[in-house]
Amino acid sequence: MVSKKQKFLTVILVIVLAIVIVGGVFGISYMKGDVTFPWQLVETEAKREEVKEPAKEQKELKVTVKEPKSTEQDKEVAKEEPKEEKEQEPVKEPAALTDGDSTGITLDYYGALHVEDGALVDNTGKAVQLTGVSSHGLSWFPEYVTADSIKSLRDNWGINVIRLAMYTSDYNGYCVGGQDIKDTLKENIDEAVKAATDNDMYVIIDWHILNDSNPNEYKSDAIQFFGEMVRKYEDNENVIYEICNEPNGDTTWEDIKAYANEVIPVIRNVNKDALILVGTPKWSSDLDSVLDDPLEFDNIMYTYHFYAGSHKSSARNALTNALEEGLPVFISEYGFVSADGDGAVDSKEAAKWQEVIDEYQLSSCIWNLSNKAEGSALIASDCDKTADLQYDDLSEQGQYFFDMLKDNTKQTKSNTEKRR
């Protein structure tokens, strides 16, 4: 039989075991965080609030990180934005590759020419007009009569004639420079004739007397030279022969006529239809003496030279009087500066001379195609280009001539109507 004392101890033991068991369960649950005691509620709520705020900040950070990862539409917009900025910038065009400044005209090539009733005409009898340039001395400025230079003149300026000034007695002239100089000059002429022919241009081979004054001084050289040239270019209908440039000093028309009567037959024996230009006394300005005693050959024209700065109304009157008398005249050399080849352009007198040229449809070659440091040179002295010239590359006279060619477009059309 169990005593009371034993029962009491047993109850105490059970209670202790119960407490231990319950305490152990609660202890384990607490450690795992599955049980929250009342006194922990306030602290837990505070901790939750502290945890929520960083969560918001972390969420905002995620949004910030995602912004660069734009949608496909955003990518397209982003791609186009630089294009919009580029379009707003002024576009720089590449420098134009030009062939030189152009007058916008191309003067006619008429085929074979001849003289009829005091005028230069084509094979149908219609009046024609040649407009172009004269070279300077071939020995001094040969670079301006190359194939490229002549093609550029035709393409950009539109002229239809070039004159090849071959000095006879000046430095390295044909008659005084020796055989090597002769050969070189003839090579220059040949290249120029071929280039003119290829570009539908006329070409004047000019026996350029000056210091020798009287063409008879080197007459035998002239006979030999023109005999060779006409045989070489017999089939070239575009070649014109100028047998003496500017007789001067005390040379008379009788002297010139005697010379011409020996030289012209040399050309005529090979080419009976060749156009021949003959110089006149006083630097090719005396036409009156020719009117009194002209040559007895067909297809002959007499040269007249003027410089606007020195030759004015009386010189123009002498020219127009001869033209009215029916004398065939070709202005194979002229300038808008002074007679010494220098000075400024006399635009007032130049305009008056140009009116006469246009009214009578006179053929002409302006002096001179070079960059020599003188007023008559067409190219500025600081320009070393020989082709594809820009307007700023030209001298004052060169620019005046260029502008004249551009302005001559209407006149050319008017002359075409007259010929019809």
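See the structure printed just above.
Let me sum up the structure you'll find in this document. Everything numeric in this text was worked out from a predicted model, so none of it was measured. Every chain's residues receive numbers from 1 upward, in the order its sequence appears when written. In keeping with the model being predicted, local features are shown solely for residues with a pLDDT of at least 70 and side-chain atom pairs are shown and tallied solely at 80 or more, while totals for entire chains, interfaces and linings include all residues. To get the side-chain values, take all heavy atoms of the structure and skip hydrogens and water.

## A look at the pattern of salt bridges
Okay, step 1: The salt bridge criterion pairs a side-chain nitrogen of Lys or Arg with a carboxyl oxygen of Asp or Glu, the two atoms within 4 Å. In this structure the tally under the stated criterion is 16 salt bridges.
Okay, step 2: Residue Asp 221 pairs with Lys 182 through a salt bridge whose shortest N-O separation is 3.8 Å. Here the residue Asp 221 occupies a position in helix α6 (residues 219-232), and Lys 182 occupies one in helix α5 (residues 179-198), the gap between them amounting to 39 residues.
Okay, step 3: The residue Asp 190 makes a salt bridge to Lys 194 at a minimum N-O spacing of 3.2 Å. Of this pair, Asp 190 and Lys 194 both sit in helix α5, four residues apart, which is roughly one turn of the helix.
Okay, step 4: Within the structure, one salt-bridge network assembled from shared partners comprises Arg 163, Asp 206, Glu 242 and Glu 333. The way it works is that DSSP assigns letters per residue, a run of H or I at least four long becomes a helix, a run of E at least two long becomes a strand, and they are numbered from the N terminus.

## As for helix α11 (residues 347-359)
Okay, step 1: Across its 13 residues, α11 extends 18 Å between first and last C-alpha, which sits within 8% of the 18 Å expected from 1.5 Å per residue.
Okay, step 2: All of the buried residues along α11 are Glu 349, Ala 350, Trp 353, Gln 354, Val 356, Ile 357 and Asp 358.
Okay, step 3: Residue Gln 361 follows α11 closely and has a positive phi angle near 50 degrees. Here, expected helix span is obtained from the residue count minus one, scaled by 1.5 Å. Whether a residue is buried, partly exposed or exposed follows from its accessible area with a 1.4 Å probe, protein chains only, as a fraction of its type maximum: under 20%, in between, or over 50%, in that order.

## Some words on the packing of aromatic side chains
Okay, step 1: Each Phe, Tyr or Trp ring, with Trp reduced to its six-membered ring, pairs with another whose centre is within 6.5 Å; inter-plane angles below 30 degrees give stacked pairs, above 60 give edge-to-face pairs, and intermediate values give tilted ones. What the rule picks out here adds up to 18 aromatic pairs.
Okay, step 2: Seen from their ring centres, Tyr 304 and Trp 353 are 6.4 Å apart, and the 35 degrees between their planes marks the pair as tilted. Residue Tyr 304 is found in strand β8 (residues 300-307), and its partner Trp 353 is found in helix α11; the two are separated by 49 residues along the sequence. In this pair, the class of Tyr 304 matches that of Trp 353, namely buried.
Okay, step 3: Between Tyr 391 and Phe 402 the ring centres are 5.5 Å apart and the planes differ by 70 degrees, which places this aromatic pair in the edge-to-face class. Taken as a pair, Tyr 391 in the loop between β10 (364-369) and α12 (396-419) and Phe 402 in helix α12 lie far apart in primary sequence, 11 residues in all.
Okay, step 4: An aromatic cluster of at least three residues, connected via ring pairs, comprises Tyr 304, Phe 306, Tyr 334, Phe 336, Trp 353 and Tyr 400.

## Side note on the sheet that holds strand β5 (residues 202-208)
Okay, step 1: Only when DSSP finds a minimum of two bridges between them are two strands counted as paired. Pairing is parallel around the closed barrel formed by eight strands, whose spatial order is β3-β4-β5-β6-β7-β8-β9-β10. Pairs of neighbouring strands in the sheet enclose a mean axial angle of 30 degrees, with direction left out of account.
Okay, step 2: Alignment of strand β7 (residues 276-278) against β8, held across three bridges, turns out to be parallel. Its bridge partner lying in β8, Val 278 is registered against Tyr 302.
Okay, step 3: Contacts are residue-level and defined by heavy atoms, with any inter-residue pair within 4.5 Å sufficient. In this analysis an axis means a line fitted to C-alpha atoms, helices contributing only their contacting stretch, and an angle means the value between N-to-C directions, from 0 to 180 degrees. Set on the sheet, α5 makes contact with β4 (161-167), β5 and β6 (239-242); between it and β5 the angle comes to about 160 degrees.
Okay, step 4: Set on the sheet, α6 makes contact with β4, β5 and β6; between it and β5 the angle comes to about 165 degrees.

## Concerning the environment of Tyr 360
Okay, step 1: Tracing the sequence through the fold places Tyr 360 in the loop between α11 and β10.
Okay, step 2: Spatially, the C-alpha atom of Tyr 360 lies 9.6 Å from that of Glu 324, the residues being 36 residues apart in sequence.
Okay, step 3: Filtering out sequence-adjacent residues up to four positions away, Tyr 360 remains in contact with Thr 320, Leu 323 and Glu 324.
Okay, step 4: A 3.5 Å cut-off defines polar contacts: any pair of N or O atoms within that distance qualifies, except that in protein one atom must be a possible hydrogen donor and the other a possible acceptor, and neighbouring residues in sequence count only when both atoms are side-chain atoms. At 2.5 Å, the side chain of Tyr 360 forms a polar contact with the side chain of Glu 324.

## Some remarks on helix α4 (residues 147-157)
Okay, step 1: Those residues of α4 lying buried are Ser 149, Ile 150, Ser 152, Leu 153, Arg 154, Asn 156 and Trp 157.
Okay, step 2: With its phi angle positive at about 80 degrees, Gly 158 sits one or two positions after the end of α4.

## Section: the pairing of β8
Okay, step 1: Burial analysis of β8 places eight of its eight residues in the buried class, the great majority of the element.
Okay, step 2: Neither face of β8 is exposed, since Ile 300, Tyr 302, Tyr 304 and Phe 306 on one face and Met 301, Thr 303, His 305 and Tyr 307 on the opposite face are all buried.
Okay, step 3: Relative to strand β9 (residues 329-335), β8 runs parallel, the two sharing five bridges. Pairing of Thr 303 across the sheet is with Phe 330, part of β9.
Okay, step 4: A crossover connection joins β8 to the parallel β9 through helix α10 (residues 313-324); in handedness this β-α-β unit is right-handed. We call a crossover right-handed when, viewed with the strands running away from us, the connection from the first strand over the helix to the second turns clockwise.

## Digging into the nonpolar core
Okay, step 1: The term nonpolar core refers to a set of buried residues drawn from Ala, Val, Leu, Ile, Met, Phe, Trp, Tyr and Cys, joined through side-chain atoms within 4.5 Å. Counting 89 residues, the largest nonpolar core has Trp 157, Trp 207, Ile 243 and Val 278 as its most contacted members.
Okay, step 2: Excluding residues within four positions of it along the chain, Ile 243 makes contact with Trp 207, Phe 226, Tyr 259, Ala 260, Val 263, Ile 264, Ile 267, Ile 276, Leu 277 and Val 278.
Okay, step 3: Judged by nonpolar contacts, the second largest core, of 15 residues, contains Leu 113, Leu 120, Leu 130 and Phe 330.

Keep in mind these values describe shape, not function.
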